[in-house]
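Read off the chains here:
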Amino acid sequence: MHDKPVALVTGANKGIGLQIAKDLAEHGLTVLVGSRDLARGRTAAESVGGDARAIQLDVTDQVSIAAAAERILDELGRLDVLVNNAGIAHAGKPGRSLAEVAESGRPSVASLDEVRAVFETNVFGVIAVTQAMLPLLREAPAARIVNVSSGSGSLTFNADPSNPRRAIFGAVYAPSKTALNAITLAFAVELESTGIKVNAAAPGFTATDLNNFEGTRTVQQAAREPVRLALLGPDGPTGTFSSDDGPLPW
Ligand code: NAP
């Protein structure tokens, strides 16, 4: 069995996931840089430093997920941290502006195909990857699961008429993160007695491809909370939703 703790970060070939991979490697973990395109994953892993290895992983492809789990078992024999970071904001043409995405995501006009595609990655992909990795995580001495969510998924924020951002709540991305929060809590409840801690982190509005670089935070800032939750000690919480500013309302 590998002698150092091992972390798998999905969608780590760029953006916030890549920064999470860098930060975990800096903390001494062996990091598996999940990427649906292995070549892009390899390039990213080279930029991570420490012990980082690319792993092909498309969270919407059960064959890819099963192969990744098998490779981790064969090559390292352990998995201590799973960061479900991979996510998409829409399923349309790349490079759409936030305004365009908000417009096409209105509940009255949203394409059901797009709703399904976004949920496939952001919600069902997380369930599938977590289920596949659980046998390894259950064997780890202090396993942690972090789901990269979003403040936009908070029903409490969106139910508040004074929140100016509720106008873009929509039927696509934000509800996928609401569902991800529910799934986070469901896993946390089921796994409570095992000591595996499952938490959701909101990285904040960050300049990445996801929003055509319209975000205002850096990936370094965005990675802070997911990394903190990935490295929680034995007294840390489970079943929480937070940003680097503190707890968030569900
Ligand atoms: P990003 O730069 O677009 O990165 C998204 C990553 O997810 C990429 O590596 C992408 O891979 C990967 N991905 C997409 N579909 C995948 C699939 N089916 N299988 C495996 N990987 C897949 O966006 P980001 O901002 O870093 O997003 C990371 C996470 O933060 C997401 O869950 C997002 O919802 C969340 N978040 C972001 C913000 C923000 O303001 N940026 C705010 C709140 C939450 P490819 O390169 O192959 O496309």
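Residues numbered from 1 in each chain as written. Predicted model: local features only at pLDDT ≥ 70, side-chain atom pairs only at ≥ 80, totals over all residues. Heavy atoms only, no water.

Novice: Give me the pairing of strand S2 (residues 30–35): which residues, what numbers.
Specialist: With 6 of its 6 residues buried, S2 lies for the most part within the structure. Bridge count between strand S1 (residues 6–9) and S2: 4 bridges; the pairing is parallel. Bridge pairing in S2 links Ala-7 to Val-31. Handedness of the crossover is the feature at issue here: the chain leaves S2, passes through helix H2 (residues 38–48), returns alongside strand S3 (residues 52–56), and the resulting connection is right-handed. (Buried < 20%, exposed > 50% of the residue type's maximum accessible area, 1.4 Å probe, protein only. Helix = DSSP H or I, 4+ residues; strand = E, 2+ residues; numbered from the N terminus. Pairing = 2+ DSSP bridges. Right-handed = clockwise from strand over helix to strand, strands pointing away.)

Novice: So what about the site of the ligand? Which residues, and what values?
Specialist: Of all residues adjacent to the ligand, which total 29 residues, the nearest are Asn-13, Arg-40, Asn-85, Tyr-173 and Thr-208. Within the contact set of the ligand, a nitrogen atom lies 3.0 Å away from a side-chain nitrogen or oxygen of Asp-58. With respect to the ligand, the side chain of Tyr-173 contributes an N or O atom lying 2.6 Å from an oxygen atom. When the free accessible area of the ligand is taken as 890 Å², the share hidden by the protein chains comes to 94%. For the shell around the ligand, the class distribution of residues is 10 nonpolar, 13 polar and 6 charged. (Near = heavy atom within 4 Å. Polar contact = N/O pair within 3.5 Å; in protein donor to acceptor, adjacent residues only side chain to side chain. Areas by Shrake-Rupley, 256 points an atom, 1.4 Å probe, with all protein chains shown as cover. Nonpolar A, V, L, I, M, F, W, Y, C, P; charged D, E, K, R; others polar.)

Novice: Please provide a residue-by-residue account of the sheet that holds S1, values included.
Specialist: Here we have 8 strands laid out as an open sheet, ordered S3-S2-S1-S4-S5-S6-S7-S8, and mixed in their pairing. With partners counted over all chains shown, the strands left at the sheet margins are S3 and strand S8 (246–247), one partner each. With 3 bridges joining them, S1 and strand S4 (residues 81–84) adopt parallel strand pairing. Considered in S4, the bridge of Leu-8 is made with Leu-82. Each of S1, S2 and S3 touches helix H3 (residues 62–75); the most contacted strand, S3, lies at about 145 degrees to it. Against the sheet, helix H7 (residues 173–191) contacts strand S5 (144–148), strand S6 (197–201) and strand S7 (241–243), and its axis sits at roughly 165 degrees relative to S6. (Contact = heavy atoms within 4.5 Å. Axes fitted to C-alpha atoms, helices over the stretch in contact; angles between N-to-C directions.)

Novice: I'd like a description of the pattern of salt bridges, backed by residues and values.
Specialist: A complete count under the given rule lists 11 salt bridges for this structure. Across the pair Glu-75 and Arg-71 runs a salt bridge, and its minimum N-O distance is 2.8 Å. Here Glu-75 pairs with Arg-71, and both are found in helix H3, just 4 residues apart, close to one helical turn. Since its relative accessible area comes to 29%, Arg-71 is described here as partly exposed. For Arg-96, the salt bridge goes to Glu-114, with nearest N and O atoms at 3.2 Å. Of this pair, Arg-96 sits in the loop between S4 and helix H4 (98–104) while Glu-114 is found in helix H5 (residues 112–139), placing the two residues 18 residues apart along the sequence. Each member of the pair, Arg-96 as well as Glu-114, is classed as buried. (Salt bridge = Lys/Arg side-chain N within 4 Å of Asp/Glu carboxyl O.)

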